[in-house]
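Tertiary structure, described
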Amino acid sequence: MDVLLLGIPKFSPLYRFKHQNLKKSATSDRSTCCPRSSMDVSADNLGDLPKFPRINVWDPYKKLGVSTDASEEEIWSSRNFLLQQYSGHERSEESIEAAFEKLLMSSFRERKKTKINLKTRLKKKVEESPPWMKNLLNFLEVPPITVVLRRLFLFTFLGGWSIMNSAEAGPAFQVAVSLAACIYFLYDKTKSIPRASVLGFGGLVFGWFCGSLLVPVVPASLLSPTWSLELLTSLVVYVFLFLTCTFLK
């Protein structure tokens with residue numbers, strides 16, 4: 001027994017004090033080496049962020065705080081304000097964005113429905129029109145807007161050129177250029193020179209005839225004193241040539 005007692009080492013109080021300090025330092029090292037995860041920190045911060053109070057409201061108008069007849073600009077403004085007010089709260093931002101997208105899709109469907117209804121009404125009007133009107137509409141077409149604008153610019157330029165040159169000479173040259181342009185545009189559509197020529201000259205004659213009837217009716221106070229009857233008639237001709245080469249098939 002004495003032998004066993006002699007084999008057990010005895011530690012001095014100084015050793016025990018150092019040993020306890022080492023254990024404390026090891027524990028503190030582990031706590032500094034293993035900081036809290038970012039999810040824990042973000043969870044704590046999320047509790048401090050303001051939460052959207054209407055997050056469970058189903059109606060997108062009530063959720064965004066706008067009326068049912070609100071404009072698209074008002075909807076955008078409300079969405080931006082709410083996102084700025086509840087920035088950082090993920091569920092609130094998702095709820096606001098979902099309501100906003102729902103309203104945008106609803107607005108898009110309404111606009112599309114309006115266009116479809118307009119086309120349907122126009123088609124119905126054409127179908128209900130008399131036979132002579134249907135035959136007339138068969139000769140007409142509506143080209144792309146870019147084509148209309150380019151040709152409108154050309155004939156407007158020729159009209160302005162005729163007005164600026166009215167003091168020196170008549171508009172005969174400008175009228176010839178407009179007729180050639182009209183025949184060229186018609187040939188580009190019909191691929192037939194005789195048909196394009198007949199339609200072009202027909203537009204010229206009909207425009208000159210209408211101009212001769214309309215110009216004397218216009219009050220002289222509305223016209224410049226330097227504008228002759230020939231110039232004013234040529235301006236009417238430009239309008240008819242533009243309509244002929246743009247909207248006739």
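This write-up is about the structure you can find in this document. (Residues numbered from 1 in each chain as written. Predicted model: local features only at pLDDT ≥ 70, side-chain atom pairs only at ≥ 80, totals over all residues. Heavy atoms only, no water.)

Quick word on the packing of helix H10 (residues 193–214) against helix H11 (residues 229–247)
Axis separation between H10 and H11 bottoms out at 8 Å; the angle between their running directions is 140°. In terms of orientation, H10 lies oblique with respect to H11. The element H10 and its partner H11 pack so that their crossing is right-handed. Contacts between H10 and H11 involve Leu199, Gly200, Gly203, Leu204, Phe206, Gly207, Trp208, Cys210, Gly211 and Ser212 on the former and, on the latter, Glu230, Thr233, Ser234, Val236, Val237, Phe240, Leu241 and Thr244. For the contact of H10 with H11, the residue count by class is 9 nonpolar, 8 polar and 1 charged. (Axes fitted to C-alpha atoms, helices over the stretch in contact; angles between N-to-C directions. Helix = DSSP H or I, 4+ residues; strand = E, 2+ residues; numbered from the N terminus. Parallel < 35°, antiparallel > 145°, perpendicular 65-115°, else oblique. Left-handed = near helix turned anticlockwise from the far one by under 90°. Contact = heavy atoms within 4.5 Å. Nonpolar A, V, L, I, M, F, W, Y, C, P; charged D, E, K, R; others polar.)

Digging into the nonpolar core
Counting 17 residues, the largest nonpolar core has Phe155, Cys182, Leu204, Leu241 and Cys245 as its most contacted members. Looking at this core, the elements that each hand over two or more residues are helix H8 (145–164), helix H9 (172–190), H10 and H11. If you tally residues by element for this core, the top one is H9, at 7 residues. The residues touching cysteine 245, leaving out its near neighbours within four places in the chain, are Arg151, Phe155, Cys182, Phe185, Leu186 and Lys189. If you look at the next biggest cluster of nonpolar residues, it comprises 13 residues, including Leu64, Ala70, Ile75 and Ala99. (Core = buried A, V, L, I, M, F, W, Y, C linked by side-chain atoms within 4.5 Å. Buried < 20%, exposed > 50% of the residue type's maximum accessible area, 1.4 Å probe, protein only.)

Concerning H11
Since the α-helix turns once every 3.6 residues, residues separated by three or four places project in the same direction. Here H11 contains 19 residues, and its C-alpha end-to-end distance of 27 Å stays within 8% of the 27 Å for a straight helix at 1.5 Å per residue. Of all the positions in H11, only Leu231, Leu232, Thr233, Ser234, Val236, Val237, Tyr238, Leu241, Phe242, Thr244, Cys245 and Thr246 are classed as buried. Buried-residue contacts for H11 involve H8, H9 and H10. (Expected span 1.5 Å × (residues − 1).)

A word on the side chain of serine 95
In this structure, serine 95 sits in helix H6 (residues 90–128). In this structure serine 95 touches Phe52, Arg54, Ile55 and Lys63, once residues within four positions along its chain are discounted.

Here's the deal with the environment of valine 198
Its location among the elements puts valine 198 in helix H10. Remark: the alpha-carbon pair of valine 198 and leucine 186, spanning 12 residues in sequence, is separated by 9.9 Å.

Some points on a nonpolar patch on the surface
Residues Phe153, Phe157, Trp161, Phe173 and Val177 make up a contiguous nonpolar surface patch of about 530 Å² in total accessible area. Within the residue set of the nonpolar patch, elements represented by two or more residues are H8 and H9. Looking at the element boundaries, tryptophan 161 is found in helix H8. By relative accessible area, tryptophan 161 is classed as partly exposed at 33%. (Patch = residues over 30% accessible without salt bridge, like charges linked within 9 Å, V, L, I, M, F, W, Y side chains within 5 Å. Areas by Shrake-Rupley, 256 points an atom, 1.4 Å probe, with all protein chains shown as cover. Salt bridge = Lys/Arg side-chain N within 4 Å of Asp/Glu carboxyl O.)

Observations concerning the packing of H9 against H11
Closest axis-to-axis distance for the H9/H11 pair is 9 Å, and the angle between their directions is 10°. Classified by the interaxial angle, the pair formed by H9 and H11 is roughly parallel. Taking contact as the criterion, the partners of Gln174, Val175, Ser178, Leu179, Cys182, Phe185, Leu186 and Lys189 in H9 are, on H11, Ser234, Tyr238, Leu241, Thr244, Cys245, Thr246 and Phe247. When grouped by side-chain class, the residues that make up the contact of H9 with H11 number 9 nonpolar, 5 polar and 1 charged.

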